[in-house]
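# Summary of structural features
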Amino acid sequence: MTTAVCGPAQLAVLGQHAVTEEEAARAARSGSPEAADAYARNWPGSHHLIACRDGRTLVRGTVTGVRSVFAAKAPGTHGAHLVSDRADVLAELTGADLDEARLAVQLLSPAILHPLTTQTVWRGVDVVPGDQRVLLDRDGHLRTSRCWSPPPADLSLAEGARLVRERLADAVTARIAGRELVSADLGGVDSTAVVATAARAGAKTVAYTAAIHDVLGDDVTYARRTVKALEAVEHHVVPATAVPLTFDRVDTLDDDLDTPSPYAVNRHRRMYIVERAAERGSPLHLSGMGGDELFSGASAHVHNLLPRHPRTAWRLARGFTSRHRWSRRTALAQLLDRRPYGSWLTHVAHDLTQPQPAMSVPLFTWGTPPRLPPWATRRAVEAARELIREQAKDAQPLSPGHGGHRELATLRTLARFARHVQQMSEPLGVTFAAPYYDDLLVEAALAVRPRDRVTPWRYKPLIEQAMRGVVPEASRHRATKAHAAFEEETGLRCHRTALLALWEDSRLSELGLVDVPALRDWCMRPLAADLESALLHPTVGCEVWLRARERHRDPLQPTETDMGGITA
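Attention in this report is confined to the structure presented alongside it. (Residues numbered from 1 in each chain as written. Predicted model: local features only at pLDDT ≥ 70, side-chain atom pairs only at ≥ 80, totals over all residues. Heavy atoms only, no water.)

### Thoughts on the overall build of the protein chain
- Tallying secondary structure elements over the protein chain gives 25 helices and 14 strands in all.
- Projecting the C-alpha coordinates of the protein chain onto the three principal axes gives extents of approximately 65 × 55 × 55 Å.
- In the protein chain, which comprises 568 residues, the share counted as buried stands at 59%.
- Looking at the protein chain alone, contacts between residues at least 24 apart form 73% of all its contacts between residues at least 6 apart. (Helix = DSSP H or I, 4+ residues; strand = E, 2+ residues; numbered from the N terminus. Buried < 20%, exposed > 50% of the residue type's maximum accessible area, 1.4 Å probe, protein only. Contact = heavy atoms within 4.5 Å.)

Okay, here's the thing in structure tokens:
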């Protein structure tokens, strides 16, 4: 935390940044809290901002929600609000009850449905959207105002690549400054870019590559090429047999997370390397999380491109359809579908219990329609359906076009995982960093013309071009991505006993949201990782979180240490 007090103005910056007291003071002196926020927008990193002046307080997080802001009415007051970076803190302070309808929505798969899947699971505790900031008056009355919009997507690939390279360098430098040693994942294209950027900035970097059982997985091969060319990276290859499988010890998870996390099924896989980094003495662990969302992009941009540039749009549509072997009839129907977002949401609510869409369904719509699992009770289905329909009346897309909306909705939803991993890493004394979720990097990537950065004929062209001269040429043109389907399918078989133990005295069952016999029957099947096993992830995340919450739920004393977060 960096703070500044300048007469009537006060300012605090909390998170991953390199802001000095002098820089914070300049922001504080800039005038109103809104002026201080505008000044701070140029600071690299990922952080919360709190700015106060003349009895007015501004609180702002990040666009993707890695630094989230939550708000709730303070009990016993006339409309005063509490604001925090953790929803569970506010729930305890205000005595908020679980909202079973919101919890039912958390069972959806895939768990990406704006605005519902990023909301809290408590009545009266609300998340502040990442593009808005909180303003509190002297009496604690709250209002929000929009402070961010997607940038105009008018940069060429070359211009965008230069900007992404600069922003990534700034993001990494802000985190490694003053540290003698940092650690990092070294696996796919995105984490390779982070490692190379850190190494060329002069950081003593310890990189870890987790091998997988699939003989076609080539992360280790490319990691060794990268390290050989950089020459300044300490590299550790973790054997596939050492890394825990998916579903490992799911019945004993006890992380103090503020919201349910589908990432729970891979908790021990993810944390295995972070634990090794902690043993090595690293205070900071860099990750490539967020790179897929930023640089793969959404093929749904073709939908918005069609009325303005039909020839280009049809060429791209044919390319995506051929590459992914999509149905041309379904692709055409999606491209011609001009329903507004609210209407699409209403249709999602109607189809909640339909079978999951096949992996070969085209992706030109507002989103992949999520489904509730077969073990969701009628009560859960009705509650989720009613909540979706209610919010569909006023819901607005995050961007006017299908592609921009899908990208931002995916960024906001998956950024929760980086926040959860950070919460898991804190007890180890390790700061977990995912620079691709930084506001400035998100803006840089989205500023590039979609038809240049999202293409069926090149793999992540924006980061490939951005890393020219940074990532060694032996790795920069990589066009493959390792997948851990074996680890998931085998993990389900190896850890079936632990998974079944979760459903004994199930908390979700007590709430009337899941049918335990149907759930146990599903867990006994040989399931495919891509669709069938993935249906389990949100349910496991909710059950694990409810159990851990019971164990951590001691009477909360309003002290900074006990609250475990920032509260204004």
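### Some thoughts on the sheet that holds strand β6 (residues 81–84)
- Taken together, the 3 strands give an open sheet; going across it, the order is β6-β5-β7, and neighbouring strands pair in antiparallel fashion. A single partner strand is all that each edge strand has here, and the edge strands are β6 and β7 (125–127). The mean inter-strand angle of the sheet, taken between neighbouring strand axes irrespective of direction, is 25 degrees.
- Pairing between strand β5 (residues 70–73) and β7: 3 bridges, direction antiparallel. Residue pairing for β7: Ala-71 is matched across the bridge by Asp-126. (Pairing = 2+ DSSP bridges. Axes fitted to C-alpha atoms, helices over the stretch in contact; angles between N-to-C directions.)

### Details of the nonpolar core
- Residues Leu-286, Leu-499 and Leu-536 are the most contacted members of the largest nonpolar core, which totals 126 residues.
- Counting residues per element, this core draws most heavily on helix α15 (residues 402–425), at 8 residues.
- Ignoring anything within four residues of it in the chain, the contact list for Leu-286 reads Val-172, Arg-175, Ile-176, Val-182, Ser-183, Ala-184, Asp-185, Val-194, Ala-198 and Ala-433.
- Leu-11, Ala-24, Ala-27 and Trp-43 belong to the second-largest nonpolar core, a separate cluster that totals 17 residues. (Core = buried A, V, L, I, M, F, W, Y, C linked by side-chain atoms within 4.5 Å.)

### Comments concerning the sheet that holds strand β1 (residues 2–6)
- Reading across from one edge, β1-β2-β3-β4-β8-β9 is the order of the 6 strands in this open sheet, with antiparallel pairing throughout. The two strands at the open ends of the sheet, each matched to only one other strand, are β1 and β9 (142–146). With direction set aside, neighbouring strand axes in the sheet form an average angle of 15 degrees.
- Relative to strand β3 (residues 46–53), strand β2 (residues 9–16) runs antiparallel, the two sharing 8 bridges. By the bridge assignment for β3, Leu-11 is matched with Ala-51.

### Considerations on the packing of helix α13 (residues 341–350) against helix α14 (residues 378–392)
- Put simply, α13 and α14 touch, their axes get as near as 9 Å, and they point 170 degrees apart. In terms of axis orientation, α13 runs roughly antiparallel to α14. Of the residues in α14, those in contact with Gly-342, Leu-345, Thr-346, Ala-349 and His-350 of α13 are Arg-385, Ile-388, Arg-389 and Ala-392.
- Of the residues belonging to the contact of α13 with α14, the class tally is 4 nonpolar, 3 polar and 2 charged. (Parallel < 35°, antiparallel > 145°, perpendicular 65-115°, else oblique. Nonpolar A, V, L, I, M, F, W, Y, C, P; charged D, E, K, R; others polar.)

### Some thoughts on the packing of helix α5 (residues 157–176) against helix α6 (residues 189–200)
- Here α5 crosses α6 at 65 degrees, and the two axes come no closer than 9 Å. Read as a crossing pair, α5 and α6 show a hand that is right-handed. Facing α5, whose interface residues are Leu-168, Ala-169, Val-172 and Ile-176, α6 presents Ala-193, Val-194, Thr-197 and Ala-198.
- Here the contact of α5 with α6 is composed, by residue class, of 7 nonpolar, 1 polar and no charged. (Left-handed = near helix turned anticlockwise from the far one by under 90°.)

### Considering the pairing of β1
- With burial as the criterion, only one face of β1 is covered, namely that bearing Thr-2, Ala-4 and Cys-6; the residues Thr-3 and Val-5 on the opposite face remain uncovered.
- Between β1 and β2, which follow one another and run antiparallel, lie 2 residues, and Gly-7 among them has a positive phi close to 60 degrees.

### Re a nonpolar patch on the surface
- On the surface, a nonpolar cluster with roughly 280 Å² of combined accessible area is contributed by Trp-314, Leu-332 and Leu-336.
- With respect to the helices and strands, Leu-336 occurs in helix α12 (residues 328–336).
- Judged by relative accessible area, Leu-336 falls into the exposed class, the value being 54%. (Patch = residues over 30% accessible without salt bridge, like charges linked within 9 Å, V, L, I, M, F, W, Y side chains within 5 Å. Areas by Shrake-Rupley, 256 points an atom, 1.4 Å probe, with all protein chains shown as cover. Salt bridge = Lys/Arg side-chain N within 4 Å of Asp/Glu carboxyl O.)

### Let's talk about the side chain of Glu-23
- Relative to the helices and strands, Glu-23 resides in helix α1 (residues 21–28).
- Of the polar contacts made by the side chain of Glu-23, one reaches the side chain of Tyr-39; its length is 3.2 Å.
- Not counting the four nearest positions on each side in its chain, Glu-23 is found in contact with Tyr-39 and Trp-43. (Polar contact = N/O pair within 3.5 Å; in protein donor to acceptor, adjacent residues only side chain to side chain.)

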